[in-house]
Amino acid sequence: MIQNIRSRRGDTIIEVLLALTIFTAAIMGVMYVMSNSIGVSQRSLEITQARTQIDNQIELLRHIHNIALVSSGRSNSGLYIAARPRMVGDSNILKTWKSITAADNLIPPNRLPAFNSVDGVQKCTPETVFSSSSGRGLSISNGDVANRAFFIDPVTGEIKKFVGNSRAPSTFARIAQSASGSQSEMIWIFAVKGSVDKATTNSSIMITNYYDFHIRACWSSPGTNVKTTLGTIVRLYDPRN
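None of the values given here were measured: they were computed from a predicted structure. (Residues numbered from 1 in each chain as written. Predicted model: local features only at pLDDT ≥ 70, side-chain atom pairs only at ≥ 80, totals over all residues. Heavy atoms only, no water.)

### Some thoughts on the overall build of the protein
The criterion, for reference: Strands here are runs of E lasting at least two residues and helices are runs of H or I lasting at least four, both read from the DSSP assignment and numbered beginning at the N terminus. For every residue, the accessible area obtained with a 1.4 Å probe (protein chains only) is divided by the maximum for its type, and the residue is called buried under 20%, exposed over 50%, and partly exposed between those limits. Contacts are assigned to residue pairs that have any heavy atoms within 4.5 Å of one another. For the area figures, the Shrake-Rupley method with a 1.4 Å probe applies, and any residue is considered shielded solely by the protein chains shown.
Within the protein, the regular secondary structure consists of four helices and nine strands. Reading the protein from its N terminus to its C terminus gives the helix and strand order α-α-α-α-β-β-β-β-β-β-β-β-β. Burial analysis of the protein (241 residues in total) assigns 37% to the buried set. If you take every contact in the protein between residues at least 6 apart in sequence, the share linking residues at least 24 apart comes to 60%. Of the roughly 13,700 Å² of accessible surface on the protein, 57% is carried by carbon and sulfur atoms.

### Details of the pattern of salt bridges
This is how it is decided: Counted as salt bridges are all cases of a side-chain nitrogen of Lys or Arg within 4 Å of a carboxyl oxygen of Asp or Glu.
Inspection of the entire model under this criterion finds four salt bridges. Here Arg174 ties to Glu185 by a salt bridge, and the two come within 3.0 Å at their closest N and O atoms. Highlighted residues: Arg174 in strand 5 (residues 174–176) and Glu185 in strand 6 (residues 183–185), separated in sequence by eleven residues. Its relative accessible area of 2% is what places Glu185 among the buried residues. Asp212 serves as the salt-bridge partner of Arg235, at 2.7 Å between the closest nitrogen and oxygen. Taken together, the positions of Arg235 in strand 9 (residues 227–237) and Asp212 in strand 8 (residues 209–220) put the pair 23 residues apart, joining distant regions of the chain. One salt-bridge network, held together by shared partners, links Arg167, Arg174 and Glu185.

### Considerations on the confidence of the model for the protein
Where we set the bar: The quantity called pLDDT is the predictor's confidence in a given residue, expressed from 0 to 100.
On average, residues of the protein score 75 in pLDDT, and 67% of them are at 70 or above. The low-confidence segment residues 75–89 (pLDDT under 50) makes 25 contacts with residues lying over four places distant or belonging to another chain.

### Looking at the side chain of Gln53
By the element assignment, Gln53 lies in helix 2 (residues 13–72). Apart from residues no more than four positions distant in its own chain, Gln53 is found in contact with Phe172, Ala173, Arg174, Ile175 and Ile187.

### Quick word on the packing of aromatic side chains
Our working definition: For this analysis, a ring pair means two rings from Phe, Tyr or Trp (six-membered ring only for Trp) whose centres lie within 6.5 Å, classed as stacked if their planes differ by under 30 degrees, edge-to-face if by over 60, and tilted for the remaining angles. Charge-over-ring contacts are defined here by two conditions on Lys NZ or Arg CZ: a distance within 6 Å of the ring centre and an angle within 35 degrees of the ring normal.
Counted by the stated rule, this structure contains five aromatic pairs. Both rings, one in Trp97 and one in Tyr211, keep their centres 5.8 Å apart while their planes meet at 85 degrees; by these two values the pair is edge-to-face. Taken together, the residues span a long stretch of sequence, with Trp97 in helix 3 (residues 90–100) and Tyr211 in strand 8 at a distance of 114 residues. Take Tyr211: its relative accessible area is 1%, and that puts it in the buried class. Seen in terms of ring centroids, Trp97 and Phe213 are 6.1 Å apart; in terms of plane orientation they differ by 55 degrees. Their pairing is tilted. Placement of Trp97 in helix 3 and of Phe213 in strand 8 is noted, with a sequence separation of 116 residues between them. The exposure classification of Trp97 matches that of Phe213, with both residues buried. Aromatic rings pair up to connect Trp97, Tyr211 and Phe213 into one cluster. Lying over the aromatic face of Tyr210, Arg235 brings its terminal NZ or CZ to 3.8 Å of the ring centre.

### Looking at the pairing of strand 8
Counted only if it meets this: Note: two strands are recorded as paired if DSSP finds a minimum of 2 bridges between them.
Most of strand 8 is tucked away, with eleven of its twelve residues classed as buried. In this sheet, strand 8 lies alongside strand 7 (residues 187–195) in antiparallel orientation, the contact comprising nine bridges. Among the inter-strand pairings, Phe190 is bridged to a residue of strand 8, identified as His214. Pairing between strand 8 and strand 9: eleven bridges, direction antiparallel.

### Focus: the nonpolar core
We count it as follows: Take the buried Ala, Val, Leu, Ile, Met, Phe, Trp, Tyr and Cys residues and link them wherever side-chain atoms come within 4.5 Å; each set so joined is a nonpolar core.
Counting 29 residues, the largest nonpolar core has Leu61, Trp97, Phe213 and Ile215 as its most contacted members. Of all the elements in the fold, those that place two or more residues in this core are helix 2, helix 3, strand 3 (150–152), strand 7, strand 8 and strand 9. In terms of residue count, helix 2 provides more of this core than any other element does, seven residues in total. Beyond its immediate chain neighbours, meaning those up to four positions away, Phe213 contacts Leu61, Trp97, Ile100, Thr101, Phe150, Ile189, Phe190, Ala191, Thr232, Ile233, Val234 and Leu236.

### What about a nonpolar patch on the surface?
The condition that has to hold: Residues forming no salt bridge and having over 30% relative accessible area are the ones grouped into patches, like charges within 9 Å of each other and nonpolar side chains (Val, Leu, Ile, Met, Phe, Trp, Tyr) within 5 Å.
Where nonpolar side chains cluster on the molecular surface, the patch consists of Ile13, Ile14, Val16, Leu17 and Leu20 and spans about 500 Å² of accessible area. Tracing the backbone shows Ile13 in helix 2. By relative accessible area, Ile13 is classed as exposed at 59%.

See the structure below:
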């Protein structure tokens, strides 16, 4: 009789607590994996969207450059071509090209901020993105260097200064549209002038001067304290050589 009673007794409180602990740990593990997967998917989507924004800036730069090339009678290969008839808007686009390649808009190569400085100091806002060491022994501040950063308004095609027309990203880096005009949410461009060694080119037909446009973006992704950064360089040759 006593044996039958013992065989029918319930679980002890320790056994119940142990089962609950194992069950809770399993649920927490599943939730962590799901949350991490969602974060990875979100960051991947943001990177894709930010790359599209950068590609738009590249296409706008190339369009402006192509108008300048054709208007000067040059082709992308450096050879002279027959000039086509002027089209409506060409003069404004030429002014835009001259503006972004003007001396006071260019960054000297030894003053170009190192892009990894954004990650190094964990800053990605208009007020702090340039306030770091360049990695070349230079102090970069939100002064002369920052004032030469710009972006291209995808609606109007005009050049806009990054300083005064930028804000922290609401999600990923992009050029945002609003009633007050386009604002850069942490996408900017630096223009650096360079030249090809003339000893290796025929300067009578070749374009020897060029501009490297450093297009950069940064923003905070969900689920991580590390800033997400993207960047590329587009080289366009000067049609006025």
